[in-house]
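Structure assessment
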Amino acid sequence: MPPRFCTSRRPWFVVGLLVMAASGLLASPAFAQLPVYTDSLQSGFADWSWGTRNLAQTAVVHGGTAAISFEPDGWAGLFLHRDAGFSGAEYSAIELWVRGAGSGGQQVTVAILSGGSPAGSAPLAGFVAGGSIPAGSWAKATVPFSALGLPASGSWDGLWLQDATGGNQATLYVDDVRLLPNDSPPPSGGPVTVSVDPALDRRTVSPHIFGVNFGTAAQAAQLRWPARRWGGNSVTRYNWQNDTSNKGMDWFFMNVPEDNPDPSTLPSGSASDRFLDETRAAGGEPILTVPLIGWTPKARQKDWGFSVAKYGAQTQTECTATGGAFWCQPDAGNGVRAAGGNVTGNDPLDTSIAIGPSFVTAWMDHLAARYGTAGNGGIRWYALDNEPALWNSTHRDVHPEPLTYDELWTKTRDVAAAIKAKDPAAVVFGPVSWGWCEYFYSAADDCSPNGADHVAHGRVPLTQWYLRQVRQYEEQFGVRLVDVLDVHYYPQASGVALSDDESAATSARRLRSLRSLWDPSYVDESWIPDAVRLIPRMKEWIAAELPGAKLAITEYSWGNDDGISSALAQVEALGIFAREGVDVATRWVAPAAGSRVEDAFRLWMNYDGAGARVTGASVRAASGAPDAVSGYAVEAAGGLLRVVLVNRDTVQRPVTVSLAGDGSRGVRLFGFDGTNRLAALGSTAFGSGQLTLDVPARAARLLEVAPEGGTASIGTPVITAPTAGQVLDVAGVNLSWNAVTNATGYDLRLLSSTSGATVFS
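Report on the accompanying structure. (Residues numbered from 1 in each chain as written. Predicted model: local features only at pLDDT ≥ 70, side-chain atom pairs only at ≥ 80, totals over all residues. Heavy atoms only, no water.)

What follows is about the overall build of the chain. Check the secondary structure of the chain and you find 15 helices and 40 strands. Scored against the burial criterion, the 761 residues of the chain give a buried share of 56%. Partitioning the intrachain contacts of the chain with sequence separation of at least 6 by distance along the chain shows that 74% fall at a separation of at least 24. Carbon and sulfur atoms make up 53% of the accessible area of the chain, which amounts to about 28,200 Å² in all. (Helix = DSSP H or I, 4+ residues; strand = E, 2+ residues; numbered from the N terminus. Buried < 20%, exposed > 50% of the residue type's maximum accessible area, 1.4 Å probe, protein only. Contact = heavy atoms within 4.5 Å. Areas by Shrake-Rupley, 256 points an atom, 1.4 Å probe, with all protein chains shown as cover.)

In C-alpha cells form, the structure reads like this:
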C-alpha cells in the first residue's frame, strides 16, 4: 500500500471541527409511524400473499384512490413482508381500516411474522369496535403487539391477515395500514464495560481479510475489495480457452458458456479476464482458481454429463426442474436413475477433455502476456481447485471415485510444481478444503476416524499430512509448493450459514457459533461433537508442519444478506479474523449492493462514506459480558483508534468503553441496527479515559477515536487541495492534532498548529 501521509498529489480531502454533542448522541430516537399500505405498498413492504387479492382496486376505498381487496377463503393469506424488518423498540401496534362485503363478520387472524412463521397472532375481530368486521362500512382496528404476546425487544419481518375458517367468505377490504410508533423507552439490560488497551495483544491486521467471492464490477469499484476470489464448484472445470464452465451437480453436470460480448477474441476477453481486470482496477488482489481435477469443457456449447437417451430415465431433467422452460434440454438428466441409484460408467468425454499441468501453465502464459508475471505486477495468487474431497459428488460425472490422501498430494505436487517453475513469484493456495471432514479425512474415509485411508496414513489429519508433504518436498527440492493453507468454513449449526432464518433461536445460535472460530471451550451446536476452534487449530498445524505459511478462509457464511443477525455476525467475523491473525478471507459470496451485510463490510471498509477503513494493529478489547456485547479494537499508525462494538442482545445495553490512559480524546460514532442503515451518529469524547453510550438491541457501533490529545474530527468540508507546508485557516480554532481520511482511504496527518492556523505536510 502507498504511504499513509499527505502529499501534494492527493487532490481532495476534507477537514472539519469536532462537535461535542453527547446528549444528542446518547438520546433515544423518536420514531414516526411507518406506512405499510396507502394506495399502494409503502416503506419496502412487498406482497408475499397467497390466495386471491387485488392491491390496486379502486371501487371501495377508505382514503386516497385505492385499497386492498382480499378473498379470505381456504386458509388464504394477505401477507405483507419487509426485508428490512421492524422491531418492538420502534413500533408498538398495527393500525388498519377494514370493511366487509356481504353480511360482514369475516373471521380472519392477524399475525406478526418472523422468518415466515407467526411470532404472535389473534383474531382480528377482537380489535374492531363491536367485536366484528362491519358490512358495508369502514372500521379501524388497532392491534397492540403486546396483545399478540410479542416482546418489546423483538424484531420481525412481516404481517398477515389469514382466513380462519378454511371455507369461503365474502371479500374483505383493507386500507391505510400503518405501524404505530413505540413511545416507551426501549428495554435495557445491565451495563457492560469494554476495556481497550492499545499496548496489549498487538497484531497487524491483514487488509486481505475483507474479501469476497465474485460480486459485481460496480461494487468492486465502489468498495475496493482488497481480495476477490474466482472460485466455487463451477470453476473447478472452467476452460479459459473457450470461456466455458461446468456447473457439476449444481445444474445437471452441464457445460455452460460464459456470457461474452465477442467470443471471436477468445481466449482474450474471457469472463476470467474481465474478472481480473475489474479486481485489479479496483485495487484488489484476485485469487484465481486453477484446475486439479484433470477435466475441462470440450467446447463452447451446452453439453451435459448424463444423457437420458444414452443412460436411461432419470428422476429429474432440466425441463422437469424448470417447469418446461423454452430453453431447457429434456435429455439433460441429474444422473440419478429412475429405478434408483446413481448412473455409473458414464463417459467423461460427453462433456470434457482430459487436461494436465500444461493447461494451467498455458493459462499463466496468457495471463503474463496480458498483465505481466507475478514478480512484475501480474497475477500472483493461484488456488488449487475447489473442495476436492467433494469431487465424487459435485463432479461425479468425471470423478466418481472418492479422493484419497495420495491423489490429493500427487495432483497438488504436479500442478503446483508447474506453477512455481513457470513463475517462482506465484503464491499458491491449497488444498481448499470444504470443511470439518476434509480437515481430517479424505473422501475415501467418509468422515470416519477408522477409514482405511486415514489409518493407512498413520491417523494423521489430512490437512496436517498435506502440509507435511509440502515441507518434505521443500526440504528435498528447495521449492515451497503451497504458500497459503486455504480452507472453507460453513458453521454447521442448524439455520446459521447460507440462510435467511432470523428467528429468535437461530439468531442467537448464529451469534454464538462465531465462537467456533477461536474458542476451545465452545462445543459446536451441530453434528460435530467437538470444539472446532478453527483458526488456532489451523495455526497449530501450520506451526508444526509448514512454519511461515499463511492462513486463508476463502469461503464462509454466517447467513444471507439482509438479516440483522447475519449482518452482526459478519461484523464479528471480520473482527475475529483481525484479532486472531487470519491472512486472507473471502465471504461466499459478495453481499448484495445495499444489503445489511454490505453495511457490515462498510463498517470496516468505508464507514464514513469517504473511504475511511479500519487499518493498523488489532489491540486488546475485553468485554465484561462478551455473550451480550463484544468488542474489537484496531490502532492505526499515529494513534488513531477504531473500536467496534456489537450488541448481540435483544435489549439495549449501556456500554462503557474504558481506554487505557486518562486523556480526553475526540470520537466520531457510526453504526447500524435492525432498523437504521449504516450512518454517522454524531460526535462525542472520552473523558478521563471513559465513554458511556447506549447501544440499541442487535446493533453495531464503530467509534473512531482521535489520537491522545486530539481534538478534531472530519466534518463539514472547509478546505481542499493543500500543498505541503501550506497554512490553512480554520476559523480561528486551535487544532492540536487531526487525522483526516480522504476518498482513497489514506490518512492525512496534521503535524502542527497555531491559534487560527494549521500546517499540513
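Now for empty space enclosed by the protein. Left-over empty space is what a probe sized like a water molecule reveals as it rolls over the atoms. The full count for this structure, using the stated rule, is 3 cavities of 30 Å³ or more. Of the pockets and cavities examined, the largest cavity occupies roughly 80 Å³. Along its surface, the largest cavity is lined by Leu78, Leu80, Ile94, Leu96, Val110, Leu159, Trp160, Leu161, Val174 and Val177. Elements with a minimum of two residues in the lining of the largest cavity: strand S6 (77–87), strand S7 (91–100), strand S11 (155–163) and strand S12 (172–181). Residue contributions to the lining of the largest cavity peak at 3 residues, all from S11. (1 Å grid on protein atoms, 1.4 Å probe; cavity = no way out; pocket = protein on both sides within 12 Å on 5 of 7 lines; lining within 4 Å. Points joined across faces, edges and corners; volume = space filled by probe spheres on them.)

Right, let's talk about the pattern of salt bridges for a bit. Tallying each qualifying case throughout the model produces 34 salt bridges. Notably, a salt bridge pairs Glu407 with Lys411, separated by 3.9 Å at the nearest N-O pair. With Glu407 and Lys411 both in helix H8 (residues 405–422) and 4 residues apart, the pair spans about one turn of that helix. Relative accessible area serves as the criterion here: at 21%, Lys411 is assigned to the partly exposed category. Put simply, Asp519 and Arg515 hold a salt bridge, and the shortest N to O gap is 3.0 Å. Note on Asp519: relative accessible area 9%, which makes it buried. (Salt bridge = Lys/Arg side-chain N within 4 Å of Asp/Glu carboxyl O.)

Reading around the circumference, S15-S16-S19-S23-S24-S25-S26-S27 is the order of the 8 strands in this closed barrel, with parallel pairing throughout. Strand-to-strand, the axes of this sheet are offset by a mean angle of 25 degrees, without reference to chain direction. As paired strands, strand S23 (residues 381–384) and strand S24 (residues 427–433) are joined by 3 bridges and run parallel to one another. Bridge pairing links Ala383 to Phe429 in S24. Helix-sheet contacts for helix H6 (residues 357–371) involve strand S19 (285–290) and S23, and the interaxial angle to S19 is about 150 degrees. On the sheet, helix H11 (residues 462–477) packs against S23, S24 and strand S25 (484–489) and is oriented at approximately 155 degrees with respect to S24. (Pairing = 2+ DSSP bridges. Axes fitted to C-alpha atoms, helices over the stretch in contact; angles between N-to-C directions.)

Considering all chains together, one arrives at 33 aromatic pairs under this definition. Between Phe79 and Trp160, the aromatic rings sit 5.6 Å apart at their centres with planes inclined by 90 degrees, giving edge-to-face as the arrangement. You can see Phe79 sitting in strand S6 and its partner Trp160 sitting in strand S11, a full 81 residues away along the chain. Under the relative-accessibility criterion, Phe79 is labelled buried at 6%. (Phe/Tyr/Trp six-rings, centres within 6.5 Å; stacked < 30°, edge-to-face > 60°.)

This paragraph deals with unusual backbone geometry. Omega for the peptide link from Leu266 to Pro267 comes to 10 degrees, which places this bond in the cis form. Position of Pro267 among the secondary structure elements: in the loop between strand S18 (254–257) and helix H3 (271–281). Cis geometry marks the peptide bond from Trp588 to Val589, where omega comes out at -15 degrees. Inspection of the secondary structure assignment puts Val589 in the loop between strand S27 (584–587) and helix H15 (596–605). Despite not being glycine, Glu387 has its phi angle at roughly 45 degrees, a positive value. As for its placement among the helices and strands, Glu387 is situated in the loop between S23 and helix H7 (391–394). Of the residues examined, Glu387 reaches a relative accessible area of 9% and is grouped as buried.

It is worth spelling out the state of the cysteines at this point. One way to say it: the disulfide is the covalent bond shared by the sulfur atoms of two cysteines. Under the criterion given, the structure shown has 2 disulfides. Through a disulfide, Cys319 is tied to Cys328; the S-S separation comes to 1.9 Å. Because the sign of the S-S torsion sets the handedness, a value of about 95 degrees for the bond joining Cys319 and Cys328 places this disulfide among the right-handed ones. With a relative accessible area of 15%, Cys319 lands in the buried category. Cys437 shares a disulfide with Cys447; S-S distance 1.9 Å. Around the S-S axis, the bridge from Cys437 to Cys447 shows a dihedral of about -80 degrees and counts as left-handed. Of the two residues, Cys437 is situated in helix H9 (residues 436–440) and Cys447 in the loop between H9 and helix H10 (452–456); the sequence distance between them amounts to 10 residues. Classification of Cys447 by relative accessible area gives partly exposed; the value is 28%. For the chain, the disulfide bridges join cysteines in the arrangement 1-2, 3-4, where the cysteines are counted in sequence order. (Disulfide = S-S within 2.5 Å.)

To continue, consider the packing of helix H12 (residues 504–513) against helix H14 (residues 564–580). Angle between the axes and distance between the axes are the two parameters that describe a pair of packed helices. The contact between H12 and H14 brings their axes to 9 Å, and the two run at 5 degrees. As the angle between them shows, H12 and H14 are arranged roughly parallel. From H12, Ser507, Arg510 and Leu511 reach across to H14, where they touch Ser565, Ser566, Leu568 and Ala569. Of the residues in the contact of H12 with H14, the class split is 3 nonpolar, 3 polar and 1 charged. (Parallel < 35°, antiparallel > 145°, perpendicular 65-115°, else oblique. Nonpolar A, V, L, I, M, F, W, Y, C, P; charged D, E, K, R; others polar.)

Let us now look at the nonpolar core. Judged by nonpolar contacts, the single largest core of 108 residues is most densely connected at Leu384, Ile419, Phe577, Trp604 and Phe672. Setting aside its immediate chain neighbours within four residues, Trp604 contacts Phe210, Val571, Leu574, Gly575, Arg613, Val614, Tyr632, Val634 and Val644. Leu78, Val110, Phe127 and Ala141 belong to the second largest nonpolar core, which has 37 residues in total. (Core = buried A, V, L, I, M, F, W, Y, C linked by side-chain atoms within 4.5 Å.)

What follows covers the pairing of S19. Of all the 6 residues making up S19, 6 are buried; the element is thus mostly covered by neighbouring parts of the structure. On S19, burial covers both faces: Glu285, Ile287 and Thr289 on one face and Pro286, Leu288 and Val290 on the other are all buried. The pairing of strand S16 (residues 227–230) with S19 spans 4 bridges and is classified as parallel. Bridging from a neighbouring strand, Arg229 pairs with Ile287 of S19. Sheet analysis places S19 next to S23, joined by 4 bridges and oriented parallel. Counterpart to Val290 in the pairing with S23 is Leu384.

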